[in-house]
2 protein chains.
Amino acid sequence: MITKSNSKPRLYSFWRSSAAFRARIALNLKGISYDIIPVHLTKNGGAQFDPEYSEKNPTHLVPLFEDDLANIHQSLAIIEYLEETHPSPPLLPSSPGDRAWVRSLAMDIASDIHPINNVRVLRYLLKNLGCSIESKDIWYQHWVQLGLNSLEKQLSIDSRVGLFAYGDQPGLVEICLVPQLFNALNSGMDLSPYPTLVKILHECLKLPAFIDASWEKQIDAEGSNPSIPPQK
Amino acid sequence: MITKSNSKPRLYSFWRSSAAFRARIALNLKGISYDIIPVHLTKNGGAQFDPEYSEKNPTHLVPLFEDDLANIHQSLAIIEYLEETHPSPPLLPSSPGDRAWVRSLAMDIASDIHPINNVRVLRYLLKNLGCSIESKDIWYQHWVQLGLNSLEKQLSIDSRVGLFAYGDQPGLVEICLVPQLFNALNSGMDLSPYPTLVKILHECLKLPAFIDASWEKQIDAEGSNPSIPPQK
């Protein structure tokens, strides 16, 4: 038996953070009501280093999810927790093989694209390695293109793909894909080599769960969503 | 009902790959018999780019796990699949909150330390960004120290920690931790700031599942395990 939490869960979030964006989409898809507590990742050196937040989350990253039962600081661990405590609607398929396929695609983004390109890494390239802004941008696009090429290849040929990566309901793949594509578009990347991914992005942006989780809808938003290229 | 596979599963692996090392430990802990198919990541530009392997795994990374039901290319997705198809012995706790804690610690390594420091990233720093070997080593140690500091902090104060990260049985945290510590030791890092992590490493290396998965025990091994610092 799963004991449900009594008070509203809290999500420590930053409007532009891809990992926080993932958690917001998952909470919205599950229909869970939650409070957002903004953590500004860049102003005054970053609120993620404030003592109170560091105590709660020694990784100094966002998101952090808190309810009466748990304190979770990795976006995919938060999403697996939501899936276990609020099974409906499911964000993962039911068979182990399909679940593994969906998790792999999600981790292709969450483990192999995003961590090499997040704020702290790009800042280190500029400040500590002395990279030029141009080299930093080439670095960014290199890893994103490598990852998106592989995702497009996998999704363009698999019979499990429907309106979304797995059938006609959005789930863990879209939760990771949409924030990554927002980032890529914001950096000026051309998404025309990825028609399957762009088609899925358009499907997602028809849904309130994704729209409400997007950059410009956040209480701490300081800018708009990137403009979305038309579907071909 | 879960349909079990009939033929022996195959793991495409490289002796020094941390992600493949994770999958080997998990298979051993579960007592699953499997065949290793070596993929040499550095010789002749890397066998992960051979057409046959690229077709199976468009990410060009290891490991890749194959059985009669699935083809899985992300180590944590492989381990979740093994957990779902072979529940005993468990690699995750039973309650959602504890599962989330364990998954978060594992992802602190698998998503926030390892991807910034794997072979392809270090090679890019040297070849494409023109970093010196010294800068590359400082980069490596920076991200590993940041990650291990946070893990040591989390594990040194949590009442769930026993001989291992969660109680007295090894699981997903150790599966990720041991390969990461092997890498750190091999790069000459001092692990004395991390007594809790070193204590867990020593416990793991008493177990055949970890020893048999280690570098020097692989059919494609080209070197020994790093020397392990004494426990304090």
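Small disclaimer: the values here were computed from a predicted structure and weren't measured.

## With respect to the interface of chain B and chain A
Note: interface size is frequently given as the accessible area lost on complex formation between the parts.
Okay, so step 1: Chain B puts 44 residues into the contact, and the matching count from chain A is 44 residues.
Okay, so step 2: Summing both sides of the interface, chain B and chain A together bury roughly 3,900 Å²; the carbon and sulfur share of this comes to 65%.
Okay, so step 3: For chain B, the biggest contributors to the area lost against chain A are Gln74(B), Arg120(B) and Tyr124(B); these three give 15% of the whole.
Okay, so step 4: Inspection of the region where chain B meets chain A yields 6 salt bridges.
Okay, so step 5: Two residues, Arg99(B) and Glu84(A), come together in a salt bridge whose shortest N-O distance is 2.8 Å.
Okay, so step 6: Our count for the contact surface shared by chain B and chain A stands at 14 residue pairs in polar contact (both at pLDDT 80 or more).
Okay, so step 7: Going through the elements one at a time, helix H2 (51–56), helix H3 (75–85), helix H4 (96–110), helix H5 (119–127) and helix H6 (133–157) of chain B are the ones with two or more residues in the side of chain B that touches chain A.
Okay, so step 8: Here the residues of the side of chain B that touches chain A sort into 23 nonpolar, 12 polar and 9 charged.

## A closer look at helix H4 (residues 96–110) of chain A
Okay, so step 1: Taking 1.5 Å of rise per residue, 15 residues should cover 21 Å, and H4(A) covers 20 Å from first to last C-alpha, within 8% of that figure.
Okay, so step 2: Most of H4(A) is tucked away: 15 of the 15 residues are buried.

## A few points about the relation of the copies chain B and chain A
To go from the first copy of the chain to the second, apply a rotation about an axis and then a shift along the same axis.
Okay, so step 1: Overlay of chain B on chain A (RMSD 0.0 Å): rotation 180 degrees, translation along the axis 0.0 Å. With respect to symmetry, the two chain copies, as superposed, fit the operation of a two-fold axis. The rotation axis passes nearest to the C-alpha of Ser111(B) in chain B, at a distance of 2.3 Å.
Okay, so step 2: Residue by residue, 100% of the interface of chain B is reproduced at the interface of chain A, so both copies engage with the same surface.

## Quick notes on the pattern of salt bridges
Okay, so step 1: Applying the stated criterion to the full structure yields 24 salt bridges over all chains.
Okay, so step 2: Across the salt bridge formed by Arg160(B) and Asp98(B), the nearest N and O atoms sit 2.9 Å from each other. Of the two residues, Arg160(B) sits in the loop between H6 and helix H7 (172–186) while Asp98(B) sits in helix H4, which places them 62 residues apart along the sequence.
Okay, so step 3: On the accessibility criterion, Arg160(B) (27% relative accessible area) is partly exposed.
Okay, so step 4: For Asp98(B), a relative accessible area of 17% puts it in the buried group.
Okay, so step 5: Each of Glu80(A), Glu84(A), Arg99(A), Arg103(A), Glu80(B), Glu84(B), Arg99(B) and Arg103(B) takes part in salt bridges that share partners, so that together they form one network.

## Considering the UniProt feature "domain: GST C-terminal" (unreviewed entry) in chain A
Okay, so step 1: Mapped onto this numbering, the UniProt entry annotates "domain: GST C-terminal" (unreviewed entry) at residues 95–223 of chain A.
Okay, so step 2: Between the end C-alpha atoms of residues 95–223 of chain A the distance is 40 Å, and the span holds 62% helix and 0% strand.

## A look at the packing of helix H7 (residues 172–186) of chain A against helix H8 (residues 195–204) of chain A
Each pair of packed helices gets described by two things: the angle between the helix axes and the distance between those axes.
Residues and elements named next belong to chain A.
Okay, so step 1: Where H7 meets H8, the axes come as close as 10 Å, and the angle between the chain directions of the two elements is 105 degrees. Judged on the interaxial angle alone, H8 and H7 are roughly perpendicular. Residues Glu174, Leu177, Val178, Leu181, Phe182 and Leu185 of H7 form the contact with H8, whose participating residues are Leu197, Ile200, Leu201 and Cys204.
Okay, so step 2: Of the residues in the contact of H7 with H8, the class split is 9 nonpolar, no polar and 1 charged.

## A word on the side chain of His73(A)
Okay, so step 1: Tracing the backbone shows His73(A) in the loop between strand S4 (71–72) and helix H3 (75–85).
Okay, so step 2: At a separation of 2.9 Å, a polar atom in the side chain of His73(A) contacts the side chain of Asp108(B).
Okay, so step 3: Those residues in contact with His73(A) that sit more than four places away from it in its chain are Asn57(A), Thr59(A), Pro63(A), Leu64(A), Ser104(B), Asp108(B) and Gln154(B).

## Points about the nonpolar core
Okay, so step 1: Trp139(A), Leu148(A), Trp139(B) and Leu148(B) are the most contacted members of the largest nonpolar core, which totals 152 residues.
Okay, so step 2: Apart from the residues within four sequence positions on either side, Trp139(A) is in contact with Ile116(A), Asn117(A), Val121(A), Leu122(A), Leu125(A), Val121(B), Tyr124(B), Leu125(B), Leu129(B) and Trp139(B).

## Here's the deal with the domain arrangement of chain A
Residues and elements named next belong to chain A.
Okay, so step 1: Assigned domains of chain A: these are domain 1 (10–85) and domain 2 (96–217).
Okay, so step 2: In this structure, domain 1 and domain 2 have C-alpha centres spaced 19 Å apart.
Okay, so step 3: For the pair domain 1 and domain 2, the two sides together bury roughly 1,900 Å², of which 65% comes from carbon and sulfur.
Okay, so step 4: Our enumeration of links across domain 1 and domain 2 arrives at 1 salt bridge.
Okay, so step 5: Across the salt bridge formed by Glu80 and Arg103, the nearest N and O atoms sit 2.7 Å from each other.
Okay, so step 6: Our count for the contact surface shared by domain 1 and domain 2 stands at 4 residue pairs in polar contact (both at pLDDT 80 or more).
Okay, so step 7: Secondary-structure elements contributing two or more residues to the side of domain 1 that touches domain 2 are helix H1 (18–30) and H3.
Okay, so step 8: By residue number, the principal contributor to the side of domain 1 that touches domain 2 is H1, which donates 9 residues.
Okay, so step 9: For the side of domain 1 that touches domain 2, the class distribution of residues is 10 nonpolar, 3 polar and 4 charged.

## Observations concerning the sheet that holds strand S4 (residues 71–72) of chain B
Residues and elements named next belong to chain B.
Okay, so step 1: Strand order in the open sheet made by the 4 strands is S2-S1-S3-S4, with mixed pairing throughout. Lying at the two open borders of the sheet, with one neighbouring strand each, are strand S2 (35–38) and S4.
Okay, so step 2: Both strand S1 (residues 10–13) and S2 contribute to a ladder of 4 bridges, which runs parallel. Among the inter-strand pairings, Tyr12 is bridged to a residue of S2, identified as Ile37.

## Brief notes about unusual backbone geometry
Okay, so step 1: For the peptide bond that leads from Val62(A) to Pro63(A), omega is 5 degrees, which places it in the cis range.
Okay, so step 2: Summarising the element assignment, Pro63(A) is placed in the loop between helix H2 (51–56) and strand S3 (64–66).
Okay, so step 3: Omega for the peptide link from Ser88(B) to Pro89(B) comes to -10 degrees, which places this bond in the cis form.
Okay, so step 4: By the element assignment, Pro89(B) lies in the loop between H3 and H4.
Okay, so step 5: Of note, Asn44(A) is a non-glycine position whose phi angle comes to about 50 degrees, a positive value.
Okay, so step 6: Mapped onto the secondary structure, Asn44(A) falls in the loop between strand S2 (35–38) and H2.
Okay, so step 7: A relative accessible area of 78% places Asn44(A) in the exposed class.

Scoring rules and cut-offs
Residues numbered from 1 in each chain as written. Chains lettered and ligands numbered in written order. Predicted model: local features only at pLDDT ≥ 70, side-chain atom pairs only at ≥ 80, totals over all residues. Heavy atoms only, no water. Contact = heavy atoms within 4.5 Å. Buried area = accessible area lost by both parts, 1.4 Å probe. Salt bridge = Lys/Arg side-chain N within 4 Å of Asp/Glu carboxyl O. Polar contact = N/O pair within 3.5 Å; in protein donor to acceptor, adjacent residues only side chain to side chain. Helix = DSSP H or I, 4+ residues; strand = E, 2+ residues; numbered from the N terminus. Nonpolar A, V, L, I, M, F, W, Y, C, P; charged D, E, K, R; others polar. Expected span 1.5 Å × (residues − 1). Buried < 20%, exposed > 50% of the residue type's maximum accessible area, 1.4 Å probe, protein only. Least-squares fit on C-alpha atoms with pLDDT ≥ 70 in both. UniProt positions renumbered as here; feature names shortened; annotations may be inferred. Axes fitted to C-alpha atoms, helices over the stretch in contact; angles between N-to-C directions. Parallel < 35°, antiparallel > 145°, perpendicular 65-115°, else oblique. Core = buried A, V, L, I, M, F, W, Y, C linked by side-chain atoms within 4.5 Å. Domains from an automatic or database assignment. Pairing = 2+ DSSP bridges.

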